[in-house]
Each structure stands twice: as C-alpha cells, then as structure tokens.
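# Structure assessment
This is what each chain is made of:
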Amino acid sequence: METIILAAGKGTRMKSNLPKVLHKVCGKPMLLHVIDAAKAAGSSREVVVIGSGAELVREKISGVEFAVQTEQLGTGHAVLSAKENFKNSTGSVIILCGDTPLVTGELIKNFVELHEKSKLSATVLTAELENADGYGRVIRESDGTFKKIVEHKDATEEERKIREVNTGIYCFDVRKLFDALAEVKNENAQGEYYLPDVLSILKSRGEKIGAIVVEDENLTIGINSRVQLAAAEKILRQKKNIEVMENGVTIIDPASTFIDSEVKIGRDTIIYPGTYLEGKTTIGENCEIGPNTRLVDMKVGNGVQMQFSYCHESEICDDVILGPYVHIRPGSKISRKVKIGNFVEVKNSNIGEGSKLPHLQYIGDCDMGSGVNMGCGTITVNYDGKKKFRTVIGDNVFVGCNSNLVAPVEVENGAYIAAGSTITDKVPENNLAIARARQVNKPDWKDKRD
Ligand code: UD1
Ligand code: MG
C-alpha cells in the first residue's frame, strides 16, 4: 500500500504565516499525525505533496518522499503533481489530507481492506456530521449508491442541507486515478481542480465507486480554521488522557491535564491538576507529578515527586524530590535522591546523587558531586558579562548560606565554605574556606555618636 498526503494548500482560513499542516495538535504537527497514521496502517511509502511553505515543511518532516505542487490549483492538481512518483505503481493508493490529524492507522487499514475486498476502482470515506459547513457534500443516487461530491461553495441550498460529507480520505486504483485526473476541469466556484471530481469521472466510465461512512466522525475532522484546530486539540487530548489512564496512570483531573501525543508515562504514577507534559517527555513509574507543573522534553525516572515546577530538556533520575517553584533549564542532569526545594534554578548542570539544594539557589554551568549541601541563597557566579564559566564542586561539600562561587572555580571533596563567603580560588580537599571580612564590634559606639 502506498500513500499520497496532500499538504501543499495555502491554509488561507488559518490566517497564519506558518503552513497549515505544521500547526500542532497535542504538541505534534498535524501532518506528522497523518504520516504516522499511514505508517501504522502498513503503508510502504508516503509521498507528501508540498507547495505553500514547502521549505519549512521539508525542515520539520522527515522519513517521507516529497512531490512539489508549484501553484495551488486544487486537490486534484495536487495529486497530479505526484504523478511521476507513481509512474511504476500498480494496485491501490490511499490519499489522505495533511489537515485531518485525528485519523488513525486502524481506520485507514480497515478502510483499505474494505476497498480491496469489494473490488472497487475508488472508495471515498464519508462522515455524517451535525454541522457540515465547509465540507464537500456526498450526493447519492436514489438507490443509495454514490453519485458525486459537491463542494460547499458550489452547493445549492438543498445540497447544503445534506449532512454526509467527504472526509478527504480515498482509496484508488492508482492507474485509474491518474488516468481520470487528466480529465478534471476547473469550472467551479473556486476555479480549482477538485480531486473528488475523479470519482464521478470514473463512475461515468462505468467503474465501481464506493462511499463508506466512518463509524467515529471525530476521527476525520478536517482543520481549516483556528476554531477547528482547538476542537481537534480537545478531542485528541481526551483520547491521550484515556490511553494514559488505561496504561495504569492516575489523572486526578483530566480536564486540567494536558499531555502531548508522544509523551510516555509509567504505571502507578499520579498526575495532579494543572499539569502540562509536552514534547518527547517520558516519566517512569510511581511518580507524583504536579499540581501545576510543566515538563517539556524531559526524561524523568521512577519514584520522582515534583510540584509547582517547570523543567525542560533535562534528565531527572529516580527518587528525586523537587519543588515547589523550581526551574530546571536545558542540559541538566539531576541524579538519584537529590532534593531541590523552593525557588531554585538549575541550568546546564550535573547534580550528584543525594545532594541537597533546599532553598533559593542559582546553579548554572556546574558539576556537583554527591552528598553536597548547598546553604540557602548560594549562587554559582557563572557569567562575567562576556563569557560563561563552570563551577566544579566535589563530593560531600558543605556550602554555607549566601555564598558566591565565582567561576571558573573548584571546591574539592569534603570542603566547607563559611556562610557569606565569596569564593574566587580553589578550595582544597577537607579545608574550611572563609572569604569574608572578619566582624568588628565597636563597644559603646551608640553612646559616643550621640
Ligand atoms: C477538501 C475537499 C472536501 C472535503 C474536505 C475534507 C476538495 C476539492 N475538497 O476540502 O470535499 O470535505 O477536504 O476535509 O478536495 N491542498 C493541496 N493543494 C491544493 C489545495 C489543497 O495540497 O492546491 C491540500 C491542503 O494542504 C489540505 C488538503 O489538500 O491538506 C485539503 O485542502 P483544503 O483546502 O483544506 O480543502 P477543503 O476545503 O477542506
Ligand atoms: Mg481542509
């Protein structure tokens, strides 16, 4: 089975500078949802027709072939642009639109099976919708067989009352498709070459055309506007939440939980309200995530607890306790059993096993060993206004409150730093460093001043 995916359209109704098919649903470009569904259905080859914003689409999408439609003259013309790619093909080709992101592999597979079993030349998947506005309407003969598809803009008042619509998903005998495409005209309201016209052309040649109604019309909604985008987002989020719960994860409040399609979560993890799990985030088993936590492209181990925090592009290992109000920035690795508390920021740093950053730290560009205790308000001074430098802290170091470690600097294993120190030189192993002025008390100073 080979697939053509139409993704060259301008997407005018989105009112966007981004090509429509790159708009994301559940954190993943619409087009990628469609490609993944085709692959899951067993497609051996996907040819994506690109045109508007082609360069951007090429940048974001890989693992497919591209055909270029230089001018956007309609869906029929778009398919014709892929003619060369199919010159040696025989058998069935499936056509999908890049703007129907809820389509699933299972749906496509069943659809193709039906098409082939019934020995049809072409089959269109249709849907019964409450609100059919904007879609092509399916007109049937009095005996219920397929007659033609009329686009919304070309439809009469009577035809617009029809609720059965074209989903934009078709299966064709590939040779008959390209043969009939040559006959498609653009004499219609939009002056475009319509792909659905191929169906009536083939019918007039005496070919058998099927029109199958989809069971779940939510799976085939087409996105033409931002309002439809939000509707698709809502449906897919609900599905993702259900998938996650069916895999043994507790979601306290699905309505306020947002999980992107690629996210993976281990069993017995609990997701508290107001949590956003985005991108390629993976979370292990027995974690408690949230409330009010945002994770983007994070790798989180087992038994991690975190609340009211934002973490991105980093790794958090098993049994870490984190939050509230923690910001983990890209390139960080938080080892096992680390505790990170209130108002702490960690950037591009490695924090060793069991170390504690309990309150008010900024740790940037730092390699910290295990068993370290960072006092309240300690800072790695990593930036001199021009360049960034690293701070190296050994194992079992104790840094007193409100200290500055001015990088590049090293604190060796077992060293202690007195509270309020500004450390600019290496602190050797097991030393105590005091880097502040000694206190001076002036007796009776107040009386003398008065
Ligand atoms: C299309 C169908 C309509 C169907 C609906 C389902 C046609 C003429 N109409 O309408 O019957 O109910 O989808 O969602 O086919 N595209 C190109 N090149 C072009 C024009 C479009 O590649 O020149 C691509 C678009 O990127 C999009 C897809 O084809 O992915 C559908 O185009 P769109 O403009 O959204 O068609 P609809 O008006 O939704
Ligand atoms: Mg559309």
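Refer to the structure above for everything that follows.
What comes next is a walk through the structure. (Residues numbered from 1 in each chain as written. Chains lettered and ligands numbered in written order. Predicted model: local features only at pLDDT ≥ 70, side-chain atom pairs only at ≥ 80, totals over all residues. Heavy atoms only, no water.)

## Quick word on the overall build of the protein
The condition that has to hold: Strands are runs of DSSP state E lasting at least two residues, helices are runs of H or I lasting at least four, and both sets are numbered from the N terminus onward. When we talk radius of gyration, it's over C-alpha atoms, and the globule rule is simply 2.2 Å times the number of residues to the 0.38. Partly exposed describes any residue whose relative accessible area lies between the buried limit of under 20% and the exposed limit of over 50%, with all areas from a 1.4 Å probe on protein chains only and scaled to the type maximum. The contact criterion used is simple: two residues touch if any of their non-hydrogen atoms lie within 4.5 Å. Only four residue types enter the tally: Lys and Arg on the positive side, Asp and Glu on the negative side; His and the chain ends are excluded. Charge positions come from single atoms, namely NZ of Lys, CZ of Arg, CG of Asp or CD of Glu.
On a plain count of helices and strands, the protein comes out with nine helices and 41 strands. The C-alpha radius of gyration computed for the protein amounts to 31 Å, which surpasses the reference 22 Å derived for 450 residues by more than 25%, pointing to a less compact arrangement than a globule. Dimensions of the protein, computed from the C-alpha atoms along their principal axes, are close to 110 × 50 × 40 Å. Split into buried and exposed, the 450 residues of the protein put 50% on the buried side. Within the protein, contacts between residues at least 6 apart in sequence are counted, and of these 40% link residues at least 24 apart. Separation between the mean location of the 57 positive side-chain charges and that of the 61 negative ones in the protein comes to 4 Å.

## What about the site of ligand 1?
Under the convention used in this document: Any residue with a heavy atom positioned within 4 Å of a molecule or strand is treated as near that molecule or strand. We call two N or O atoms a polar contact when they sit within 3.5 Å, provided that within protein one can donate a hydrogen and the other can accept it, with sequence-adjacent residues counted only if both atoms are side-chain atoms. Note that Gly is not counted as nonpolar here; it falls among the polar residues with everything else outside the nonpolar set of Ala, Val, Leu, Ile, Met, Phe, Trp, Tyr, Cys and Pro and the charged set of Asp, Glu, Lys and Arg.
Within the structure, ligand 1 sits among 23 residues, and G9, Q69, T75, E151 and N166 are positioned closest to it. Backbone polar atom of G136 to an oxygen atom of ligand 1: 2.9 Å apart, as the coordinates give it. Those elements that place two or more of their residues in the shell around ligand 1 are β1 (2-7), α3 (75-80) and β10 (164-173). Here the residues of the shell around ligand 1 are counted per class, giving nine nonpolar, ten polar and four charged.

## A short note on a negative patch on the surface
The cut-off we apply is this: Residues enter patches when their relative accessible area tops 30% and they take part in no salt bridge; the joining distance is 9 Å for like charges and 5 Å for the nonpolar side chains Val, Leu, Ile, Met, Phe, Trp and Tyr. Using the Shrake-Rupley algorithm and a 1.4 Å probe, accessible areas are obtained, with residue cover drawn only from the displayed protein chains. By convention in these notes, a salt bridge is any Lys or Arg side-chain nitrogen within 4 Å of a carboxyl oxygen on Asp or Glu.
Together, E128, E130, E215, D216 and E217 line one region of the surface with negative charge. Tracing the sequence through the fold places D216 in the loop between β11 (209-213) and α8 (226-246). On the accessibility criterion, D216 (34% relative accessible area) is partly exposed.

## Considerations on the packing of aromatic side chains
Put simply, the test is: Only Phe, Tyr and Trp rings are paired, with Trp represented by its six-membered ring, and only when their centres lie within 6.5 Å; those with planes under 30 degrees apart are stacked, over 60 edge-to-face, the remainder tilted.
As enumerated under the stated definition, the model contains six aromatic pairs in all. On the basis of an interplanar angle of 25 degrees and a centroid distance of 6.1 Å, the ring pair of F86 and F178 is categorised as stacked. Of this pair, F86 sits in the loop between α3 and β6 (92-97) while F178 sits in helix α6 (residues 174-181), placing them 92 residues apart in sequence. For the pair formed by F86 and F178, the shared burial category is buried. Considering the side-chain rings of Y325 and F343, the 5.1 Å spacing of their centres and the 10 degrees angle between planes classify their relative orientation as stacked.

## Description of the coordination of the magnesium ion (ligand 2)
Stated formally: Coordinating donors are taken to be N, O and S atoms lying within 2.8 Å of the metal, or within 3.2 Å when the metal is Na, K or Ca; because water is excluded from the atom set, some sites may appear incomplete.
The protein atoms that coordinate the magnesium ion (ligand 2) are D99 (OD) and N224 (OD1), at distances spanning 2.2 to 2.3 Å. Highlighted residues: D99 in the loop between β6 and α4 (105-117) and N224 in the loop between β11 and α8, separated in sequence by 125 residues. A relative accessible area of 12% places D99 in the buried class. Overall, N224 belongs to the buried group, its relative accessible area being 16%.

By themselves, these observations are geometric and do not establish any function.
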